[in-house]
Amino acid sequence: MRLGKPAKALHRQAQRLNDLARRLGLALRHSRDWHAQALATTGTAPDARGRGAVEQRRLALAGAEERLAGDDPHRVLQRGYAWAERPTAGR
């Protein structure tokens with residue numbers, strides 16, 4: 001069994017906790033400043049890129065809708081074509 005001075009161990013532990021608290025405070029301030037700067041510098045460029053991406057996807061969906069609409073049975077009949085299905089072997 002080892003006996004020592006508890007006050008010395010407590011002092012070291014308290015000093016270590018104080019150092020960790022200081023480092024955490026500095027890291028939080030740095031992170032907050034970095035995020036504030038990133039938010040300020042985003043400006044309108046990401047918005048323009050975002051609008052372009054949304055417009056591109058909208059056009060792609062419109063094209064897909066147009067292609068799929070051609071296979072819609074109701075539209076096929078409206079165009080004057082008959083909808084024919086092959087009878088299955090079980091009928």
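Every chain is numbered on its own, with residues counted from 1 as its sequence reads. Owing to the predicted nature of the model, reporting of local features is limited to residues with pLDDT of at least 70; listing and counting of side-chain atom pairs is limited to 80 or more, with chain, interface and lining totals taken over all residues. Note that water and hydrogens are dropped before the side-chain values are worked out from all heavy atoms of the structure.

### Re the overall build of the chain
- A run of H or I in DSSP counts as a helix once it spans at least four residues, and a run of E counts as a strand once it spans at least two, with each numbered from the N terminus. Across its full length, the chain carries three helices and zero strands.
- Starting at the N terminus and ending at the C terminus, the chain contains elements arranged as α-α-α.
- Burial classes follow relative accessibility: with a 1.4 Å probe on protein chains only, a residue under 20% of its type's maximum area counts as buried, one over 50% as exposed, and anything between as partly exposed. Within the chain, the fraction of its 91 residues that count as buried is 2%.
- The protein chains shown are the only cover counted for residues, whose accessible areas, like all others here, come from Shrake-Rupley with a 1.4 Å probe. For the chain, the accessible surface area stands at approximately 9,100 Å², while carbon and sulfur atoms represent 57% of it.

### A few points about the pattern of salt bridges
- Here, a salt bridge means any side-chain nitrogen of Lys or Arg that lies within 4 Å of a carboxyl oxygen of Asp or Glu. The tally for this structure, following the rule as stated, stands at two salt bridges.
- One salt bridge connects Asp-33 with Arg-32, and the closest N-O pair in it is separated by 3.7 Å.
- Using a relative accessible area of 44% as the deciding quantity, one classes Asp-33 as partly exposed.
- On the basis of relative accessible area, Arg-32 is assigned to the exposed category, the value being 53%.
- For the salt bridge of Arg-58 with Glu-55, the shortest nitrogen-to-oxygen distance reads 2.7 Å. Of the two residues, Arg-58 and Glu-55 are both situated in helix H2 (residues 45–69); the distance of three residues between them amounts to about one turn of the helix.
- With relative accessibility at 45%, the residue Arg-58 sits in the partly exposed group.

### Here we look at the confidence of the model for the chain
- Values of pLDDT, the confidence the predictor places in each residue, fall between 0 and 100. Residues at a pLDDT of 70 or more form 79% of the chain, whose mean pLDDT is 80.
- Within the chain, the element-level pLDDT minimum falls on helix H3 (residues 73–78), averaging 75, and the maximum on helix H1 (residues 6–42), averaging 88.

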